[in-house]
Amino acid sequence: MKKPTPSRQRNRDTADPAYSFACDQFAERGVDVEAALRTLAGIAVSLHCWQGDDVGGFETNRGPIGGGLAVTGNQPGRATNAEELRADLDQALALIPGRHRVNLHAMYGDFGGRPVDRDEVAPEHFRTWIAWAAERRLGLDFNPTCFAHSRAADGFTLSHPDASVRQFWITHCRRSRAIAASMGHALHTPCINNLWIPDGFKDTPADRQGPRERLVESLDAVFQKRYPVEHLRDAVEPKLFGIGAESCTVGSAEFYFGYALTRRKLLCLDSGHFHPTESIADKISSVLQFLPEILLHVSRGVRWDSDHVVTLADELLAITREVVANGLLGRVHWGLDYFDASINRIAAWVIGARNLLRALLIALLEPPGIREAEAFGDRTARLALQEEARFLPVGAVWNEHCKRLNVPIGEAWLSDVRRYEMQTRVHRA
Ligand code: RNT
Ligand code: ZN
């Protein structure tokens, strides 16, 4: 009888020589590449639907985006309805190794061309999304949409001085949680419902306290109803400033950290929501001393919260490294958050998602000698090994990962995007 080949050996045999060489290089430094690839294959990234249509949504009375958000660029090919957006997501997901999630906003319901106001959204408007996700075994995440609406036109929602405006947004956020819980229930994976509001002041407010008191009260009303944690997890997202809200943002970092801590919510850290010299990488091990889980909005600010496509730069490497090196993968949820209409929108998803996964892989392949050097108080070796590690042959490992998970290797994915662009061009503006 033939002896079964151990899986590790079998993988090594079928691998290309560059991968075998890489495995040896990493093994010499105490890194198990196969274990890293297994971990990487299990990490889900939540793809933000709003990159596909410039944060537009499918409401009949689509208003200007507002809320201090800005999308620049005018590439043709924007998805104009749910079918187009799902087809675009399918195309992007086919080029990203692994099984991932899709992050929806309330304004992306399948409203069938009928006017459905924000205080009327319900699970039925997301039935087609849930069926689509179930068929592909994707998880869904969700967000109430508290901008691009006449009732948010003056820049305030849950902290608005007018109680009837607050009530409108409370209802919307409650309904969003019900939708999110229905998604988590149907798809057997908790849906993260992330609450971000634009509320803030362009000029120096006379009263910073009142709006914050009102926001606490509104949030408590929003979160009153309990849902099973297997269906729904609530997250809150702070921000430093937005366009038109430069002087004071009601939902600041301190505000939401306190809120998340006292109400046991997830805190959402967005890379673009702090002072430009601050990095969310350094905040992860701080906030996770006190909170069980966090959500990350991986983005890239250029000089300000500009929401550029995520590149494989130091900031991203620092974020993934912090999570992996501290064994925090089980407590961190990964989401992307940027919007760029100056390049192909599908390519924007693919570039950002592949970069996030590549950064995670680099973190998973970190030689343990770096940490050991620090433990021995050898700062010289720590720096030397950190810098040498940058040039270890991670590219061959990434290619092997793409090959095993059946997605194009290297820039080959770009021709798939181009082909898709040509096919859809005739139907789209
Ligand atoms: C805005 C926040 C928020 C939005 C999305 C569209 O500054 O980052 O997460 O980008 O909800
Ligand atoms: Zn965000």
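Every residue gets a number counted from 1 within its own chain, in the order that chain's sequence is written. To label them, take the chains in the order written and letter them from A, then take the ligands in the order written and number them from 1. Totals for whole chains, interfaces and linings use all residues, but because this is a predicted model, local features are given only for residues with pLDDT of at least 70 and pairs of side-chain atoms are given and counted only at 80 or more. Excluding hydrogens and water, the side-chain figures rest on all heavy atoms present in the structure.

Draft legend 1. Summary view of the overall build of the chain. Helical segments are the DSSP runs of H or I of at least four residues, strand segments are the runs of E of at least two, and each set is numbered from the N terminus. Summing up its helical and strand segments, the chain has 15 helices and twelve strands in all. Think of it in three bands: residues with accessible area under 20% of the maximum for their type are buried, residues over 50% are exposed, and the middle band is partly exposed, with areas taken using a 1.4 Å probe on protein chains only. Split into buried and exposed, the 429 residues of the chain put 51% on the buried side. Within the chain, contacts between residues at least 6 apart in sequence are counted, and of these 80% link residues at least 24 apart. When the accessible surface of the chain is summed, it comes to about 19,500 Å², and 53% of that surface belongs to carbon and sulfur atoms. We call two residues in contact whenever any of their non-hydrogen atoms come within 4.5 Å of each other. Where accessible areas are quoted, they stem from the Shrake-Rupley method and a 1.4 Å probe; at the residue level, only the protein chains shown are allowed to cover.

Draft legend 2. The coordination of the zinc ion (ligand 2), seen in detail. Only nitrogen, oxygen and sulfur atoms qualify as donors, and only when within 2.8 Å of the metal (3.2 Å in the case of Na, K and Ca); with water excluded, sites may look incomplete. Every protein donor of the zinc ion (ligand 2) is accounted for by E237 (OE), D270 (OD), H297 (ND1) and D337 (OD), and the metal-donor separations fall at 2.1 to 2.2 Å. With six donor atoms in place around the zinc ion (ligand 2) and angles of 71 to 170 degrees between them, the coordination shape is octahedral. Motif for the zinc ion (ligand 2), donor spacing along one chain: E-x32-D-x26-H-x39-D. Here E237 is found in the loop between β6 (232-236) and β7 (248-249), whereas its partner H297 is found in strand β9 (residues 294-298), with 60 residues between them in sequence. The class for H297 is buried, based on a relative accessible area of 2%. Any coordination sphere not matching a tetrahedral pattern (four donors, all angles between 85 and 135 degrees) or a square planar or octahedral pattern (four or six donors, opposite donors over 155 degrees apart, other angles between 65 and 115) is reported as irregular.

Draft legend 3. Main features of the packing of aromatic side chains. Ring geometry is summarised as follows: Phe, Tyr and Trp rings, the Trp one being its six-membered ring, pair when their centres sit within 6.5 Å, and such pairs are stacked at plane angles under 30 degrees, edge-to-face over 60 and tilted between the two. Enumeration according to the criterion identifies eight aromatic pairs in this entry. Taken together, a centroid distance of 5.0 Å and an interplanar angle of 70 degrees make the contact between F156 and F201 edge-to-face. Of this pair, F156 sits in the loop between β3 (139-143) and α6 (163-187) while F201 sits in strand β5 (residues 200-201); the two residues are 45 residues apart in sequence, bridging distant segments of the chain. Judged by its relative accessible area of 13%, F156 is buried. For the pair F223 and Y259, a centre-to-centre distance of 6.1 Å together with 40 degrees between the ring planes defines the contact as tilted.

Draft legend 4. Molecular detail of the site of ligand 1. Surrounding ligand 1, one finds W50, L69, H105, W196, E237, K239, D270, H273, H297, D305, D337 and F339. Polar contacts here mean pairs of N or O atoms no more than 3.5 Å apart (in protein, one a potential hydrogen donor and the other a potential acceptor; neighbouring residues in sequence count only if both atoms are side-chain atoms). For ligand 1, an oxygen atom lies 3.2 Å from a polar atom in the side chain of H297. D337 places a polar side-chain atom, nitrogen or oxygen, 2.8 Å from an oxygen atom of ligand 1. Charged residues are taken to be Asp, Glu, Lys and Arg, nonpolar residues to be Ala, Val, Leu, Ile, Met, Phe, Trp, Tyr, Cys and Pro, and polar residues to be all remaining types, Gly included. Grouping the amino acids of the shell around ligand 1 by side-chain chemistry returns four nonpolar, three polar and five charged. Nearness here has a simple test: a residue counts as near a molecule or strand if at least one of its heavy atoms is within 4 Å of that partner.

Draft legend 5. Seen up close, the confidence of the model for the chain. Confidence of the predictor in every single residue is expressed as pLDDT, which spans 0 to 100. In the predicted model, the chain carries a mean pLDDT of 95, and the fraction of residues at 70 or more is 96%. Predicted confidence is poor over residues 1-10, with pLDDT under 50, and the contacts of this stretch with residues over four places away or in other chains come to three contacts.

Draft legend 6. A look at the pattern of salt bridges. A pairing counts as a salt bridge when a side-chain nitrogen of Lys or Arg comes within 4 Å of a carboxyl oxygen of Asp or Glu. Applying the stated criterion to the full structure yields 25 salt bridges. Across the pair R428 and D88 runs a salt bridge whose closest N-O atoms are separated by 2.8 Å. Here R428 is found in the segment after α15 (413-425), whereas its partner D88 is found in helix α4 (residues 82-93), with 340 residues between them in sequence. The exposure classification of R428 matches that of D88, with both residues buried.

Draft legend 7. Seen up close, the packing of helix α5 (residues 127-136) against α6. The angle between two axes is taken between their N-to-C directions and runs from 0 to 180 degrees, where each axis is a line fitted to C-alpha atoms and a helix contributes only its stretch in contact. Relative to each other, α5 and α6 sit at 30 degrees, their axes nearing to 10 Å. Taken together, the axes of α5 and α6 lie roughly parallel to each other. Once α5 is placed against α6, the crossing between them reads as right-handed. Side by side, α5 and α6 meet where I130, A133 and A134 of the first sit next to S182, M183, A186 and L187 of the second. Partitioned by chemical class, the residues of the contact of α5 with α6 number six nonpolar, one polar and no charged. To sort the angles, those under 35 degrees are grouped as roughly parallel, those over 145 as roughly antiparallel, those from 65 to 115 as roughly perpendicular, and the leftovers as oblique. The sense of a crossing depends on the near helix, which, turned anticlockwise from the far helix by less than a right angle, makes the crossing left-handed and, turned clockwise, makes it right-handed.

Draft legend 8. Spotlight on the environment of V102. Relative to the assigned elements, V102 resides in strand β2 (residues 101-105). You can call V102 buried: its relative accessible area is 0%. Considered as a pair, V102 and I351 are 249 residues apart in the sequence and their alpha carbons are 16 Å apart. Apart from residues no more than four positions distant in its own chain, V102 is found in contact with S46, L47, C49, L89, L93, W132, L138, G139, L140 and D141.

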